[in-house]
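# Examination of the molecular architecture
Here are the chains, one letter per residue:
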Amino acid sequence: VSGAAALELFINPIFGRMSDTWGRTLFLRVGCLVPMVLRALVFARPSLLTIGLDRVASPAVVTAWFSVMRAAQTDKMTVEELAKSQGPVAAFAGLGVMVAPFLDGQLTRLGGGPGTVNGLKLPFIGAAALSAVVSILFTTKYKETLADEDKRPMSWRECNPFSFFKMLRLGRSVRWLMITAGIQAFSEGRTITEINTIFCTNDLGWGTAGLTSFIAGYGVCVLIGGIFGGRQIDKL
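About the thresholds
- Residues numbered from 1 in each chain as written.
- Predicted model: local features only at pLDDT ≥ 70, side-chain atom pairs only at ≥ 80, totals over all residues.
- Heavy atoms only, no water.
- Helix = DSSP H or I, 4+ residues; strand = E, 2+ residues; numbered from the N terminus.
- Rg over C-alpha atoms; globule rule 2.2 N^0.38 Å.
- Buried < 20%, exposed > 50% of the residue type's maximum accessible area, 1.4 Å probe, protein only.
- Contact = heavy atoms within 4.5 Å.
- Areas by Shrake-Rupley, 256 points an atom, 1.4 Å probe, with all protein chains shown as cover.
- Lys, Arg positive; Asp, Glu negative; His and termini not counted.
- Charge placed at Lys NZ, Arg CZ, Asp CG, Glu CD.
- Salt bridge = Lys/Arg side-chain N within 4 Å of Asp/Glu carboxyl O.
- Core = buried A, V, L, I, M, F, W, Y, C linked by side-chain atoms within 4.5 Å.
- Axes fitted to C-alpha atoms, helices over the stretch in contact; angles between N-to-C directions.
- Parallel < 35°, antiparallel > 145°, perpendicular 65-115°, else oblique.
- Left-handed = near helix turned anticlockwise from the far one by under 90°.
- Nonpolar A, V, L, I, M, F, W, Y, C, P; charged D, E, K, R; others polar.
- Phe/Tyr/Trp six-rings, centres within 6.5 Å; stacked < 30°, edge-to-face > 60°.
- Polar contact = N/O pair within 3.5 Å; in protein donor to acceptor, adjacent residues only side chain to side chain.
- Disulfide = S-S within 2.5 Å.

### Brief notes about the overall build of the protein chain
Looking only at helices and strands, the protein chain features eight helices and zero strands. Listed N to C, the secondary structure of the protein chain is α-α-α-α-α-α-α-α in terms of helices and strands. Expected size for 236 residues packed as a compact globule is a radius of gyration near 18 Å; at 19 Å, the protein chain falls within 12% of this value. Once the C-alpha set of the protein chain is aligned to its principal axes, its extents read approximately 55 × 35 × 30 Å. In the protein chain, which comprises 236 residues, the share counted as buried stands at 28%. For the protein chain, contacts bridging at least 24 residues in sequence account for 73% of all contacts bridging at least 6. Here the protein chain displays about 14,800 Å² of accessible surface, and carbon together with sulfur accounts for 69% of that area. When the 23 positive and 16 negative side-chain charges of the protein chain are each reduced to one mean point, those points stand 1 Å apart.

### What about the side chain of R17?
Relative to the helices and strands, R17 is located in helix α1 (residues 2-22). No salt bridge is formed by the buried R17, whose closest oppositely charged neighbour, E158, lies at an N-O distance of 4.5 Å. If we ignore the near neighbours within four places in the chain, the residues touching R17 are R152, P153, M154, S155, E158 and C159.

### So, the nonpolar core
Membership of the largest hydrophobic core comes to 15 residues, with the highest contact counts inside it found for F15, L28 and W65. Contributions of two or more residues to this core are made by α1, α2 (25-44) and α3 (48-76). When residues in this core are grouped by element, the largest group, seven residues, is from α3. When residues no more than four places from it in sequence are discounted, the contact partners of L28 are W65, V68, M69, F138 and Y142.

### Points about the packing of α2 against helix α5 (residues 117-141)
Close contact between α2 and α5 brings their axes to 8 Å; oriented N to C, the two are set at 160 degrees. If you check the angle between α2 and α5, you find them roughly antiparallel. Crossing of α2 against α5: the hand is left-handed. Here L28, R29, C32, L33, P35, M36, R39, A40, V42 and F43 of α2 come into contact with α5, specifically with K121, L122, F124, I125, A127, A128, S131, A132, V134, S135, F138 and T139. Looking at side-chain class alone, the contact of α2 with α5 contains 16 nonpolar, three polar and three charged residues.

### Description of the packing of aromatic side chains
All chains considered together, the criterion is met by six aromatic pairs. Relative to F66, the ring of W65 has its centre 5.0 Å away and its plane inclined at 90 degrees; by these criteria the two rings are edge-to-face. Ring pairs connect the aromatic residues W65, F66, F138 and Y142, which therefore count as one cluster.

### Here's the deal with the environment of L103
Among the secondary structure elements, L103 is positioned in helix α4 (residues 79-110). The sequence separation of L103 and K84 amounts to 19 residues, and the corresponding C-alpha distance is 30 Å.

### What about the side chain of S19?
As for its position among the elements, S19 is in helix α1. For S19, the side chain forms a polar contact with the main-chain oxygen of G16, separated by 2.8 Å. Side chain to side chain, S19 and R24 meet in a polar contact 2.8 Å long.

### A short note on the state of the cysteines
Under the definition given, this model contains zero disulfides. Cysteine C200 remains unbridged, with the sulfur of C221 as its closest cysteine sulfur at 14 Å.

Written out as structure tokens, the structure reads:
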């Protein structure tokens, strides 16, 4: 998890700046292909090395993908439209978190159960297939949102991962907003997923069904938060 966070820190600004130079399309496709390839590799050759590569690289690349996706939204939306759109995006993300654990459980049972190698491998190829579908959708449906006149020259200086410190000097409200967001990230769902999983299985003795229901419940909360968050933005 720490490795993924460190990698994310460095590649996120690079993805963002390169997408400002060459457009969003390439990076939105690559962001889907990296987890597809790595998870297919885990399925083909499961080992500590392949699982480690997936757990470090995939979350970092997917986070960078979301940054480019939001940049694509800013190409076409006003500030108000962008803020309001985050509610529905979060709601659909919550729907994915709700459904995915049950698909995972079905694939595990299809492969022979959680105590078998095939049962543990099949969810990885399922995840790879979903990434492939998203990549196909972007290839066939997405039209480049960054106009040629809005493209900026490539600057590696702008890819400095610590450039966000400049925002701390923009004023008291921005500074406290960043501090609040930083503290919130400590308990973010994906940051503590592994710890939650170990606690639920080792300390509480839960099986696959209990863990699946727990993760799906988290998805329900994300879905509700997305719905109400979008309405709050509209009202406030």
